[in-house]
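The chain contents come next:
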Amino acid sequence: MSDNVVYEVSEGLATVVLNRPDAMNALDTALKEALRDALREATGDPAVRAVLLTGRGRAFCVGQDLKEHVETLRRSGGGALDTVREHYNPITLAIAGMPKPVVAGVNGVAAGAGAGFAFAADYRVVADTASFNTSFTGVALTADSGVSWTLPRLVGPGRAADLLLFPRSVKAQEALELGIANRVVPADRLAEEAEAAARRLAQGPTAAYAALKESLAHGSSHSLAETLEKEAELQSRAGATEDHRAAVEAFVAKEKPVYRGR
């Protein structure tokens, strides 16, 4: 890790904070590497049952650090975009593919790859002062960080094309109406509300959440028949967990279940 990312684990929740507030959490190499490593650590840590990803300061993340990027372009030309494979792809895959839920606490502007990382999360709690901007074509680039996969699934292909071809600031309320935001909360309550959502998930049936993420990803690109078979496979796996048995026993006893994440 580096000072660019704050990583803490408490009671099953890993909190990952982008920590370049003076640069609006722009993604320089140090931040990208630290974020990638933090997410990999959370993925592999059995004590972590949910992740909260957020930013410090006025922005969630404004995407690529263009000051660093222009210097890299001057030195290496097209090699400057190697960062997509080296950093953005592993980060996006870690968020979307992690077998535990990821909440994005969007505290401010999320642009470019920063928006992409938020879109890859399972649930987005958004401050009422925050906004999203795809921004890629604004600097003569195409989509990365999974946006061409995640955004159409959130808003539909037509709206995704509009937001990518004509990038603009999408305010929090519109983001909610489009389906980008799951919840919009007052900015002064963002940290509290996002953490509460993430902690609720950290106390839930972790294996069931992992299966649900896998099921949703599978269903987005397979037929109904294939999806039904995948659901049956995953349901068998979930049904064999301690948490399922505990939930059923608690229901019969009219008690609240206590999940252990296994």
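Structural data are supplied above this passage.
In this report, the structure presented in the accompanying data block is examined.

What counts as what
Residues numbered from 1 in each chain as written. Predicted model: local features only at pLDDT ≥ 70, side-chain atom pairs only at ≥ 80, totals over all residues. Heavy atoms only, no water. Axes fitted to C-alpha atoms, helices over the stretch in contact; angles between N-to-C directions. Helix = DSSP H or I, 4+ residues; strand = E, 2+ residues; numbered from the N terminus. Left-handed = near helix turned anticlockwise from the far one by under 90°. Contact = heavy atoms within 4.5 Å. Nonpolar A, V, L, I, M, F, W, Y, C, P; charged D, E, K, R; others polar. Salt bridge = Lys/Arg side-chain N within 4 Å of Asp/Glu carboxyl O. Parallel < 35°, antiparallel > 145°, perpendicular 65-115°, else oblique. Buried < 20%, exposed > 50% of the residue type's maximum accessible area, 1.4 Å probe, protein only. Pairing = 2+ DSSP bridges. Patch = residues over 30% accessible without salt bridge, like charges linked within 9 Å, V, L, I, M, F, W, Y side chains within 5 Å. Areas by Shrake-Rupley, 256 points an atom, 1.4 Å probe, with all protein chains shown as cover. 1 Å grid on protein atoms, 1.4 Å probe; cavity = no way out; pocket = protein on both sides within 12 Å on 5 of 7 lines; lining within 4 Å. Points joined across faces, edges and corners; volume = space filled by probe spheres on them.

### Considering the packing of helix α1 (residues 29-44) against helix α3 (residues 83-97)
Following both chains from N to C, one finds α1 and α3 inclined at 35°, their axes separated by 9 Å at the closest point. Crossing angle aside, the handedness with which α1 passes α3 is left-handed. Contact residues: Thr29, Lys32, Glu33, Leu35, Arg36, Leu39, Arg40 and Thr43 in α1; Thr83, Glu86, His87, Tyr88, Pro90, Ile91, Ala94 and Ile95 in α3. For the contact of α1 with α3, the class distribution of residues is seven nonpolar, four polar and five charged.

### Description of the pattern of salt bridges
A full pass over the atoms with the stated rule returns 15 salt bridges. Note that Glu214 and Arg237 form a salt bridge whose closest N and O atoms lie 3.3 Å from each other. Here the residue Glu214 occupies a position in helix α9 (residues 206-219), and Arg237 occupies one in helix α10 (residues 224-239), the gap between them amounting to 23 residues. Glu233 is the salt-bridge partner of Lys230, the closest N and O atoms lying 3.5 Å from each other. Pair noted here: Lys230 and Glu233 are both in helix α10, with a separation of three residues, about one helical turn. Through salt bridges with shared partners, one network takes in Arg183, Arg189, Glu192 and Glu193.

### Quick notes on the packing of helix α4 (residues 113-120) against helix α5 (residues 147-155)
Axis separation between α4 and α5 bottoms out at 9 Å; the angle between their running directions is 55°. Taken together, the axis directions place α4 and α5 in an arrangement best described as oblique. Between α4 and α5 lies a crossing of left-handed hand. Contacts between α4 and α5 pair Gly116, Phe119 and Ala120 from the former with Val147, Thr150, Leu151 and Leu154 from the latter. Of the residues assigned to the contact of α4 with α5, the class counts are five nonpolar, two polar and no charged.

### Things to note about unusual backbone geometry
Phi angles above zero are rare outside glycine, and Met24 is one such case at about 55°. Assignment of secondary structure puts Met24 in the loop between β2 (13-18) and α1. Looking at Met24, the relative accessible area reads 24%, which means it is partly exposed. Of note, Ser145 is a non-glycine position whose phi angle comes to about 55°, a positive value. The topology assignment puts Ser145 in the loop between β8 (131-133) and α5.

### So, the environment of Val17
Relative to the helices and strands, Val17 resides in strand β2. Sequence separation between Val17 and Leu35 is 18 residues, and the spatial gap between their C-alpha atoms is 8.7 Å.

### A look at the sheet that holds strand β7 (residues 123-127)
Spatially, β1-β2-β3-β5-β7-β10 is the arrangement adopted by the six strands of the open sheet, whose pairing is mixed. Of all the strands in the sheet, the pair left with one neighbour each is β1 (5-10) and β10 (183-185). Mean inter-strand twist for the sheet, computed between neighbouring axes without regard to direction, equals 20°. In the sheet, β2 pairs with strand β3 (residues 50-55) via six bridges, with the strands oriented parallel. Within the sheet, the bridge partner assigned to Thr15 lies in β3 and is Leu52. With respect to the sheet, α1 is in contact with β1, β2 and β3, its orientation differing from that of β1 by roughly 15°.

### So, a nonpolar patch on the surface
Side chains of Leu66, Leu81, Val139 and Leu141 sit close together on the surface and give an oily, nonpolar patch of about 310 Å² of accessible area. As for its position among the elements, Leu81 is in the loop between α2 (66-76) and α3.

### A few points about the layout of surface pockets
Its volume calculated, the largest pocket comes out at about 830 Å³. Lining of the largest pocket is provided by 34 residues; of these, Ala96, Ala120, Asp122, Lys213 and Leu216 occupy positions nearest its centre. Those elements giving two or more residues to the lining of the largest pocket turn out to be α3, α4, β7, α5, α9 and α10. Among the elements that make up the lining of the largest pocket, the one with the highest residue count is α9 (nine residues). Here the lining of the largest pocket is built from residues that sort into 20 nonpolar, eight polar and six charged. As for the second largest pocket, its lining consists of 16 residues, of which Gln64, Leu66, Phe136, Val139 and Leu141 are closest to the centre. Looking at the lining of the second largest pocket, the elements with two or more residues in it are α2 and α3.

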